[in-house]
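Each chain, written out:
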Number of protein chains: 2
Amino acid sequence: MTEPKIHSPATPEAAKKQPRDGKGNATIYDIAKVAGVNPSTVSRALSKPGRVSAKTQKLIQDAAAELNYQVNPFARALPTGRTNTFGLIVADITNPTFFDIIRGAQTTGTLRDYTLVLAESAESAATELTAARRMMATADGLILASPRMDDDDIRALARDKPVVVINREVEGVPSVIPDVRKGIGEAVRSLAANGHKRIAFVAGPAQSWMSARRWEGFESACEWSRLEAVRVESTKPTVDGGRQVARDVLSTGATAVLAYNDLLAIGLMQELQAGGMAVPDQISIVGFDDIFGADFTTPPLTTVRSPLGECGAGAAARLLDLLQGKGNAEPEGTLQMETELVLRGSSGRLLAAGQR
Amino acid sequence: MTEPKIHSPATPEAAKKQPRDGKGNATIYDIAKVAGVNPSTVSRALSKPGRVSAKTQKLIQDAAAELNYQVNPFARALPTGRTNTFGLIVADITNPTFFDIIRGAQTTGTLRDYTLVLAESAESAATELTAARRMMATADGLILASPRMDDDDIRALARDKPVVVINREVEGVPSVIPDVRKGIGEAVRSLAANGHKRIAFVAGPAQSWMSARRWEGFESACEWSRLEAVRVESTKPTVDGGRQVARDVLSTGATAVLAYNDLLAIGLMQELQAGGMAVPDQISIVGFDDIFGADFTTPPLTTVRSPLGECGAGAAARLLDLLQGKGNAEPEGTLQMETELVLRGSSGRLLAAGQR
DNA sequence: CTGAAAGCGCTTACAG
DNA sequence: CTGAAAGCGCTTACAG
């Protein structure tokens, strides 16, 4: 009988890796050999400290350090099904609204030893769903920021693995949203205090969940302050959309306007100024979100700040709680983050013609 | 003899997963059963089409579709060591300079069936190295955008797996950088054509590789156009840093200034305007990068556009070529992307006092 | 072209 | 507390 042939079909890659830095990647078997224990003991020592005697623990730790051991995440993921990874899908990676959300999620993820995987839907519900499914295969859970897909798709995903939604409420799925009331209330009261009587809201996309909330908040705040609220539709929530809506805003006779978002507000302000109007002397403009660059304008934009970073961080915390079995108390509620008015130069008292 | 006991230690997770959506996750074994072939044939059909007869291929494809099969990326990664994942580390996730880089990398990654994993170094070389090592464990390769760590650390990483650097040149490591010459040349010629004689460069961080390149380009462009080039140091490359440097800029007597980046340019413009100066009538200001918001200012900022999106896309393409064994031709060279002047309102002809 | 088998590097229920 | 063993779901060299 000859020696048994050892197949090592998966080894060509390993063979390529070996020479890379002289010592290749150590495995728990290498550690076991050095420490003189069984590989399963090494596994226990490394993955759940406390289940192993202090002495062996140290032996193993030292061996691991000596060999410069790094766990192989795939090998770990295969039997457990967990990857310590969570996904975040945003509608548009170049939209500043999402920057702080990304950072917030990233930061709390890293703090809790989770890695963030980011994808973008390019504002398409179909792309979003594809990306989500793809992520579901590898990530432990998912955060959807301002998702475009419909509630049923979101619920279907949530049936598979934990999902947290930002900027939207979906029945049965936990969510984190900015509570617009406080910020809008402050904005409207500030305008009222400056003598404005009729103020306009420039709405966002018709299907936007958030735009509807903001309009509601606006209406009720105006009612409360006894101001006349008028509504103007925009074509798209961008700087360009803001420019296009300027005529309509003017024709309402409103002396102050709250825009669905900062981009609209900035475009509107640019167009009005180009037409010779003075901001805020002739018209006050208030944005929404306090995105990066909101203070680049002249005058800098007054805006209702959305706590986007906190939303991202809150969503991540929520998701990780779910993954780690905490927070069973209120797994499906909505977490509300407070908004606040950031008073800058684009809003103020109306000046009579003679004062200008 | 009793029935052999079957240990299934790794199954509690699977058991938890099963009920989730009624049918659990199908494996190649399930497909094999349905299609009536061996699992290894399924594997071949799914991972390298063409190695299997057309008939079996179809059989397998249909079974996979019917079972709604999704590969398990971890199971695939374990024997092959590949994950179809690449990492991108940026210094600051809220710095708009990186937005387009991220998007560019993301887009070409998705196109080539790779997933982007994003991390942030928070401007710290140490954090950056930690994040990089961590990513190296799971990703197939790495892109470093404006890395803060030193050349040796980068080379050490590159010894392990393919690495591509953006916005910096590191000997022995492939890189993608904007070629500043064309854009700066255009900017300086434009200023010269508008009658400026002495122009200032507001430098970025002393250790910044890019700032040094931009200053060099500025100097030689000025020499070519026979303009006097003066240099002003800034404390930090932010809007605030721009404000602080205004006095120094004024004291040089320059009538135009090119700033290391748009943030500095915007801060500088705000401070000068606040001091009563007219831009561009009394002083022209040109930024660098064309970040989001550069056109929010009044006047909108003239700037040298860096093709950041293309840099991200180019770096990703380069990395994936490396991973897929292409591009052996020039594995270590520098890929240069062209810059260009974006002429907006903040630069122009100097007006004599009487004309203002 | 296809089957049978070994192996990737971990984790964990089962016995001591 | 620790060892021996099975299993996670794939891939691929080896034989037909």
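Throughout what follows, the structure given in this document is the object of discussion. (Residues numbered from 1 in each chain as written. Chains lettered and ligands numbered in written order. Predicted model: local features only at pLDDT ≥ 70, side-chain atom pairs only at ≥ 80, totals over all residues. Heavy atoms only, no water.)

## Some words on the packing of aromatic side chains
For the coordinates displayed, the defined rule picks out twelve aromatic pairs over all chains. Ring centres 5.5 Å apart and planes at 35° place the aromatic pair Phe201(A) and Phe218(A) in the tilted group. Within this pair, whereas Phe201(A) is found in strand S6 (residues 198-202), its partner Phe218(A) is found in helix H10 (residues 209-224), the two being separated by 17 residues in sequence. For the pair formed by Phe201(A) and Phe218(A), the shared burial category is buried. With 5.7 Å between their ring centres and 40° between their planes, Phe201(B) and Trp215(B) make a pair best called tilted. Note that Phe201(B) is positioned in strand S6 (residues 198-202) and Trp215(B) in helix H10 (residues 209-224), a separation of 14 residues in sequence. Cluster of aromatic residues (ring-pair linked, three or more members): Phe201(A), Trp215(A) and Phe218(A). One cation-aromatic arrangement involves Arg214(A) over Phe288(A); the distance from NZ or CZ to the ring centre is 3.8 Å. (Phe/Tyr/Trp six-rings, centres within 6.5 Å; stacked < 30°, edge-to-face > 60°. Helix = DSSP H or I, 4+ residues; strand = E, 2+ residues; numbered from the N terminus. Buried < 20%, exposed > 50% of the residue type's maximum accessible area, 1.4 Å probe, protein only. Lys NZ or Arg CZ within 6 Å of the ring centre and 35° of its normal.)

## Structural notes on the relation of the copies chain B and chain A
With an RMSD of 0.2 Å, the fit of chain B onto chain A corresponds to turning through 180° and sliding 0.0 Å along the axis. Interpreted geometrically, this transformation is the action of a two-fold axis. (Least-squares fit on C-alpha atoms with pLDDT ≥ 70 in both.)

## Details of the sheet that holds strand S8 (residues 256-259) of chain A
Residue and element names in this part refer to chain A. Overall, mixed pairing links the six strands, which are arranged S7-S6-S8-S9-S10-S12 in an open sheet. Looking at which strands have only one partner, the edges of the open sheet turn out to be strand S7 (228-232) and strand S12 (340-342). Going from strand to strand, the sheet's axes swing by 25° on average, the running direction of each strand aside. Pairing of strand S9 (residues 284-289) with strand S10 (residues 302-305), which is carried by four bridges, proceeds in the parallel orientation. Directly across from Val286, in S10, lies its bridge partner Thr302. Against the sheet, helix H9 (residues 180-193) engages S6, S8, S9, S10 and S12, with an angle of about 45° to S12. (Pairing = 2+ DSSP bridges. Axes fitted to C-alpha atoms, helices over the stretch in contact; angles between N-to-C directions. Contact = heavy atoms within 4.5 Å.)

## Quick look at the packing of helix H3 (residues 39-47) of chain B against helix H4 (residues 54-67) of chain B
Residue and element names in this part refer to chain B. Axis separation between H3 and H4 bottoms out at 10 Å; the angle between their running directions is 90°. One finds that H3 runs roughly perpendicular with respect to H4. In this structure, H3 uses Thr41, Val42, Ala45 and Leu46 to contact H4, whose residues at the interface are Thr56, Gln57, Ile60 and Gln61. When its residues are assigned to classes, the contact of H3 with H4 shows four nonpolar, four polar and no charged. (Parallel < 35°, antiparallel > 145°, perpendicular 65-115°, else oblique. Nonpolar A, V, L, I, M, F, W, Y, C, P; charged D, E, K, R; others polar.)

## A look at the interface of chain B and chain A
Many authors give the size of an interface as the accessible area that is lost as the parts come together. Listed as interface residues are 54 residues of chain B and, on the opposing side, 54 residues of chain A. Between Arg103(A) and Glu120(B) there is a salt bridge, with its nearest N and O atoms 2.7 Å apart. At the surface where chain B touches chain A, the tally comes to ten residue pairs in polar contact (both at pLDDT 80 or more). Elements that contribute at least two residues to the side of chain B that touches chain A include exactly helix H1 (11-17), helix H5 (73-80), helix H6 (96-111), strand S2 (115-120), helix H7 (125-138), helix H8 (151-160) and helix H13 (262-274) of chain B. Residue composition of the side of chain B that touches chain A, by class: 24 nonpolar, 15 polar and 15 charged. (Salt bridge = Lys/Arg side-chain N within 4 Å of Asp/Glu carboxyl O. Polar contact = N/O pair within 3.5 Å; in protein donor to acceptor, adjacent residues only side chain to side chain.)

## Quick word on the sheet that holds strand S9 (residues 284-289) of chain B
All names here are of chain B. Overall, mixed pairing links the six strands, which are arranged S7-S6-S8-S9-S10-S12 in an open sheet. Unpaired on one side and paired on the other, strand S7 (228-232) and strand S12 (340-342) mark the two borders of the sheet. Sheet twist, expressed as the mean angle between neighbouring strand axes with direction ignored, is 25°. Two elements, strand S8 (residues 256-259) and S9, share three bridges in a ladder whose sense is parallel.

## Overview of the pattern of salt bridges
Applying the stated criterion to the full structure yields 38 salt bridges over all chains. Note that Arg168(A) is salt-bridged to Asp151(A), the shortest N-O span being 2.7 Å. Residue Arg168(A) is found in the loop between strand S4 (163-166) and strand S5 (175-179), and its partner Asp151(A) is found in helix H8 (residues 151-160); the two are separated by 17 residues along the sequence. With a relative accessible area of 28%, Asp151(A) lands in the partly exposed category. A salt bridge links Arg214(B) to Asp289(B); the nearest nitrogen and oxygen atoms lie 3.2 Å apart. Pair noted here: Arg214(B) is in helix H10 and Asp289(B) is in strand S9, with a separation of 75 residues, a long-range link. For the pair Arg214(B) and Asp289(B), a shared accessibility class is recorded, and that class is buried. Here the salt bridges do not stand alone but share partners, grouping Asp92(A), Glu120(A) and Arg103(B) into one network.

## Examining empty space enclosed by the protein
Summed over the entire model, instances satisfying the criterion amount to one cavity of 30 Å³ or more. In this structure, the largest cavity encloses a volume near 40 Å³. Lining the largest cavity we find Ile93(A), Phe99(A), Ile102(A), Leu118(A), Ile93(B), Phe99(B), Ile102(B) and Leu118(B). For the lining of the largest cavity, the elements supplying multiple residues, two or more each, are helix H6 (97-111) of chain A together with H6 of chain B. Residues of the lining of the largest cavity, tallied by class, amount to eight nonpolar, no polar and no charged. (1 Å grid on protein atoms, 1.4 Å probe; cavity = no way out; pocket = protein on both sides within 12 Å on 5 of 7 lines; lining within 4 Å. Points joined across faces, edges and corners; volume = space filled by probe spheres on them.)

## Overview of the environment of Val342(B)
All names here are of chain B. Take Val342: it is sitting in strand S12. As a C-alpha pair, Val342 and Val304 span 38 residues in sequence and 5.9 Å in three-dimensional space. Residue contacts for Val342: discarding those within four places in its chain leaves Asp290, Leu301, Thr302, Thr303 and Arg305.

## Notes on the environment of Arg189(B)
Tracing the sequence through the fold places Arg189(B) in helix H9 (residues 180-193). Along the sequence, Arg189(B) and Leu227(B) sit 38 residues apart, while their C-alpha atoms lie 9.5 Å from each other.

## Concerning the side chain of Gln270(A)
Within the fold, Gln270(A) resides in helix H13 (residues 262-274). Given the relative accessible area of 14%, Gln270(A) is considered buried. A distance of 2.4 Å separates polar atoms of two side chains, one belonging to Gln270(A) and the other to Arg243(A). Other than its neighbours up to four places away in sequence, Gln270(A) contacts Val239(A), Arg243(A), Asp295(B) and Phe296(B).

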